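Chain residues, written in single-letter form:
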Amino acid sequence: MKLDLFRSLWGHADQRALACSQARASGFAGIEARLPQTAAERRELGALLAGEGLDYIAILFTGGTVLPDQALTPAEHLRDLERQLDASAELAPRFVNVLAGNDRWSTHQQLDFFGQAQEIARRGGHLCSFETHRARCLATPWVTLEVARQLPELLFTTDISHWVVGCERLLDDPADDLDDFISRVHHIQARVGYDQGPQVPHPAAPEYARELAFHQRFWAAVWRAQQERGYPVTTLTPEFGPDGYTFRLPFTGIPIADLWELNRWMADTQRDQFQRFLHDR
């Protein structure tokens, strides 16, 4: 199995050309970024990716951006999903990462929504991976496990940092059996969270060594499951970001760390961890 790293454009939307050239120079296989909403913007991104020889993972949100519109129904989210999937085809992404639905929906509503979403993706010939994210469906591990058990074809993007802060603990108790979810993870977003937040100040800091070790054990479990399923390639996107995630100094608002440096450190660290994983297997 081979590891393909993708660079997130989160926090770099106004520097796409520089971000893409840095990604190529640093050995990334491609870019993971929000689907541009206009045809002109999609053409521009497509030309940039082609010029750098980079693959693309499309990110789309149903029913709004990060926080969904609370008034929208599951049916409206499904129509939005279909519209955006059709638009994503213009960029021929490796796959589409979907932040779907609303955390207020019941388990029954989520199951019905994901069943219909699968059918929309199948009809359109799209490979979709649904992300674990606060405020959205799959916001908690316990609902997600039920979805995974009842919809065995559904694929997931894991960003377990959201579950760590949402559950207010590392999910390393013997009772925290996430195997039914792990066995269906398609893509990893690698950010280290802690019990009071979705992003530690820096993953190399010794005071967060326990958190880093937990996340790395979890990602290695995903790799083992993918290897057993015959994955020739696994994908991982280091995803430290802005928007209240990066710590800032009081009064000045100066960020205490550089996003690219954080994500480059995570990329290099996970390259090394992946090689150790292969050697130990």
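Quantities reported herein were computed from a predicted structural model and do not represent experimental measurements.

This brings us to the packing of aromatic side chains. Overall, the coordinates contain twelve aromatic pairs when judged by the stated rule. Between Phe 113 and Phe 114 the ring centres are 5.3 Å apart and the planes differ by 75 degrees, which places this aromatic pair in the edge-to-face class. In this structure Phe 114 comes out as buried when scored by relative accessible area, which is 1%. Clustering of aromatic rings is evident, with ring pairs tying together Trp 105, Phe 113, Phe 114 and Phe 130. For Arg 271, the ring lying beneath its charged end belongs to Phe 28, and the centroid distance is 5.9 Å.

The subject of this paragraph is the nonpolar core. Judged by nonpolar contacts, the single largest core of 76 residues is most densely connected at Phe 114 and Phe 130. Ranked by residues supplied to this core, first place goes to helix H8 (residues 209-228) with nine residues. The residues touching Phe 130, leaving out its near neighbours within four places in the chain, are Val 98, Ala 100, Phe 114, Ala 117, Leu 138, Leu 154, Leu 155, Phe 156 and Thr 157.

Bringing the sheet that holds strand S7 (residues 185-190) into the picture now. Judged by pairing direction, the barrel is parallel, and its eight strands sit side by side in the order S1-S2-S3-S4-S5-S6-S7-S8 before closing back on the first. If you compare each strand with its neighbour and ignore which way they point, the axes differ by 30 degrees on average. Where S7 meets strand S8 (residues 233-238), four bridges bridge the pair, whose relative direction is parallel. Each bridged residue has a counterpart across the sheet, and for Ala 190 the counterpart in S8 is Pro 238. Packed onto the sheet, H8 meets strand S6 (156-158), S7 and S8 and runs at close to 155 degrees relative to S7.

Here helix H4 (residues 107-124) crosses helix H5 (residues 141-150) at 45 degrees, and the two axes come no closer than 10 Å. If you check the angle between H4 and H5, you find them oblique. In this structure, H4 crosses over H5, and the sense of that crossing is right-handed. Here H4 contributes Thr 107, Gln 110, Leu 111 and Phe 114 to the contact with H5, which in turn contributes Val 143, Glu 146, Val 147 and Gln 150. Per-class residue counts for the contact of H4 with H5 are four nonpolar, three polar and one charged.

This paragraph deals with the side chain of Thr 158. Among the secondary structure elements, Thr 158 is positioned in strand S6. Apart from residues no more than four positions distant in its own chain, Thr 158 is found in contact with Thr 132, Phe 181, Val 185, His 187, Ile 188, Gln 189, Phe 218 and Val 222.

What follows covers the layout of surface pockets. In this structure, the largest pocket occupies an estimated 690 Å³ of space. Taken together, 33 residues form the lining of the largest pocket, with Trp 10, Arg 34, Ile 59, Phe 61 and Val 66 sitting closest to its centre. Looking at the lining of the largest pocket, the elements that each hand over two or more residues are strand S2 (30-34), helix H2 (39-52), strand S3 (55-61) and helix H3 (74-88). Looking at side-chain class alone, the lining of the largest pocket contains eleven nonpolar, nine polar and 13 charged residues. The wall of the second largest pocket is formed by Leu 171, Asp 172, Asp 176, Asp 177, Leu 178, Asp 179, Ile 182, Phe 214, Arg 217, Phe 218, Ala 221 and Arg 224. Every element with two or more residues in the lining of the second largest pocket is listed here: helix H7 (179-182) and H8. Top contributing element to the lining of the second largest pocket by residue count: H8, with five residues. Of the residues belonging to the lining of the second largest pocket, the class tally is six nonpolar, no polar and six charged.

Bringing the UniProt feature "domain: Xylose isomerase-like TIM barrel" (unreviewed entry) in the protein chain into the picture now. UniProt's entry tags residues 22-189 with the feature "domain: Xylose isomerase-like TIM barrel" (unreviewed entry), counted in the numbering of this structure. Taken end to end, residues 22-189 is 43% helix and 17% strand, and its first and last C-alpha atoms sit 19 Å apart.

Take the environment of Gln 199 next. Relative to the assigned elements, Gln 199 resides in the loop between S7 and H8. Of the residues examined, Gln 199 reaches a relative accessible area of 2% and is grouped as buried. Here the alpha-carbon distance between Gln 199 and Val 165, two residues 34 residues apart in the chain, equals 9.0 Å. Excluding its chain neighbours within four sequence positions, the residues that come into contact with Gln 199 are Arg 191, Val 192, Gly 193, Tyr 194, Glu 239, Phe 240, Gly 241, Tyr 245, Thr 246, Phe 247 and Leu 262. Of the polar contacts made by the side chain of Gln 199, one reaches the side chain of Thr 246; its length is 3.3 Å.

With that settled, the discussion passes to a nonpolar patch on the surface. Together, Phe 247, Leu 249, Ile 254 and Ile 256 make up an exposed nonpolar region whose accessible area comes to about 340 Å². As for its placement among the helices and strands, Ile 254 is situated in the loop between S8 and helix H9 (259-280).

About the cut-offs
- Numbering of residues starts from 1 in each chain and follows the order in which that chain's sequence is written.
- Restriction of local features to residues with pLDDT of at least 70 applies here, the model being predicted, together with a cutoff of 80 or more for giving and counting side-chain atom pairs; totals for whole chains, interfaces and linings are based on all residues.
- Only heavy atoms go into the side-chain values, all of them from the structure, while hydrogens and water stay out.
- Pairing of aromatic rings covers Phe, Tyr and the six-membered ring of Trp, with a centre-to-centre limit of 6.5 Å; geometry is then stacked below 30 degrees between planes, edge-to-face above 60, and tilted otherwise.
- Partly exposed describes any residue whose relative accessible area lies between the buried limit of under 20% and the exposed limit of over 50%, with all areas from a 1.4 Å probe on protein chains only and scaled to the type maximum.
- Counting as a charge over the ring demands two things of the Lys NZ or Arg CZ atom: a distance within 6 Å of the ring centre and an angle within 35 degrees of the ring normal.
- Think of a nonpolar core as a cluster: buried Ala, Val, Leu, Ile, Met, Phe, Trp, Tyr and Cys residues, connected wherever their side-chain atoms sit within 4.5 Å.
- In DSSP terms, a helix is any run of H or I states spanning at least four residues, a strand is any run of E spanning at least two, and both are numbered starting from the N terminus.
- By definition in these notes, contact holds between two residues if any of their heavy atoms fall within 4.5 Å.
- Following DSSP output, two strands are said to pair if at least two bridges run between them.
- Angles here are taken between N-to-C directions and fall from 0 to 180 degrees, while the axes themselves are lines fitted to C-alpha atoms, restricted in helices to the stretch in contact.
- Angles are sorted into four bins: roughly parallel if under 35 degrees, roughly antiparallel if over 145, roughly perpendicular if 65 to 115, and oblique for all others.
- Rotating anticlockwise by less than a right angle from the far helix to the near helix defines a left-handed crossing, while the corresponding clockwise rotation defines a right-handed one.
- In the scheme used here, Gly and all other residues not listed as nonpolar or charged are polar, with Ala, Val, Leu, Ile, Met, Phe, Trp, Tyr, Cys and Pro taken as nonpolar and Asp, Glu, Lys and Arg as charged.
- Using only the protein atoms, space was sampled on a 1 Å grid; points where a 1.4 Å probe fits but cannot get out form cavities, open sets with protein on both sides within 12 Å along at least five of seven lines form pockets, and lining residues are those with an atom within 4 Å of a point.
- Grid points are joined across faces, edges and corners, and a volume is the space filled by probe spheres set on the points.
- UniProt positions are given in the numbering used here, feature names are shortened, and annotations may be inferred rather than shown by experiment.
- Pairs of N or O atoms within 3.5 Å make up the polar contacts considered here, provided that, within protein, one atom can donate a hydrogen while the other can accept it, and that residues adjacent in sequence are counted only when both atoms are side-chain atoms.
- Patches here are clusters of residues that have more than 30% relative accessible area and form no salt bridge, with a 9 Å joining cutoff for like charges and a 5 Å cutoff for nonpolar side chains (Val, Leu, Ile, Met, Phe, Trp, Tyr).
- In short, Shrake-Rupley with a 1.4 Å probe defines the accessible areas, and a residue's cover is counted only from the protein chains shown.
- Here a salt bridge means any side-chain nitrogen of Lys or Arg lying within 4 Å of a carboxyl oxygen belonging to Asp or Glu.

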